[in-house]
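Examining the three-dimensional arrangement
Below, each chain spelled out in residue letters.
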Amino acid sequence: MNILDWIQNRYKSQCDGQREHLYGVKIDTIGSPRRVVDIDIAETEGDTGG
């Protein structure tokens, strides 16, 4: 499984009909070939609250 498959599966496992409208995954280009990835894990399994 590649990293994008893992992220997609993790995201789908956390969807509850409300959370996905407030939080998510954002991937932006900051110059070829660099990328920045922002994954909001608030209120998910594994969230340490810190």
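Worth saying up front: this structure is predicted, and the values here are computed from it rather than measured.

Counting its secondary structure elements, the protein contains 1 helix and 2 strands. In the protein, the succession of α and β elements from N to C terminus is α-β-β. Each of the 50 residues in the protein was classed as buried or not, and the buried ones make up 8%. Restricting the contact set of the protein to residue pairs at least 6 apart, pairs at least 24 apart contribute 19%. Approximately 4,300 Å² of the protein is accessible, and the part contributed by carbon and sulfur atoms is 50%.

Looking along the chain, the bond that leaves serine 32 and enters proline 33 is cis, with omega of 0 degrees. Inspection of the secondary structure puts proline 33 in the loop between strand E1 (25–31) and strand E2 (34–39).

Attention now moves to a nonpolar patch on the surface. A surface patch of nonpolar side chains, about 910 Å² in accessible area, is lined by Met1, Ile3, Leu4, Trp6, Val25, Ile27, Val37, Ile39 and Ile41. Among the secondary structure elements, those contributing two or more residues to the nonpolar patch are helix H1 (3–14), E1 and E2. The element that contributes the greatest number of residues to the nonpolar patch is H1, accounting for 3 residues. Tracing the backbone shows valine 25 in strand E1.

Okay, the pairing of E2 next. In the sheet, E1 pairs with E2 via 6 bridges, with the strands oriented antiparallel. Along E2, the bridge assignment pairs threonine 29 with arginine 35. A loop of 2 residues connects E1 with E2, the two strands running antiparallel in sequence.

Attention now goes to the environment of arginine 19. For arginine 19, the location among the structural elements is in the loop between H1 and E1. Sequence separation between arginine 19 and alanine 42 is 23 residues; the distance between their C-alpha atoms is 9.3 Å.

The rules behind each value
Residues numbered from 1 in each chain as written. Predicted model: local features only at pLDDT ≥ 70, side-chain atom pairs only at ≥ 80, totals over all residues. Heavy atoms only, no water. Helix = DSSP H or I, 4+ residues; strand = E, 2+ residues; numbered from the N terminus. Buried < 20%, exposed > 50% of the residue type's maximum accessible area, 1.4 Å probe, protein only. Contact = heavy atoms within 4.5 Å. Areas by Shrake-Rupley, 256 points an atom, 1.4 Å probe, with all protein chains shown as cover. Patch = residues over 30% accessible without salt bridge, like charges linked within 9 Å, V, L, I, M, F, W, Y side chains within 5 Å. Salt bridge = Lys/Arg side-chain N within 4 Å of Asp/Glu carboxyl O. Pairing = 2+ DSSP bridges.

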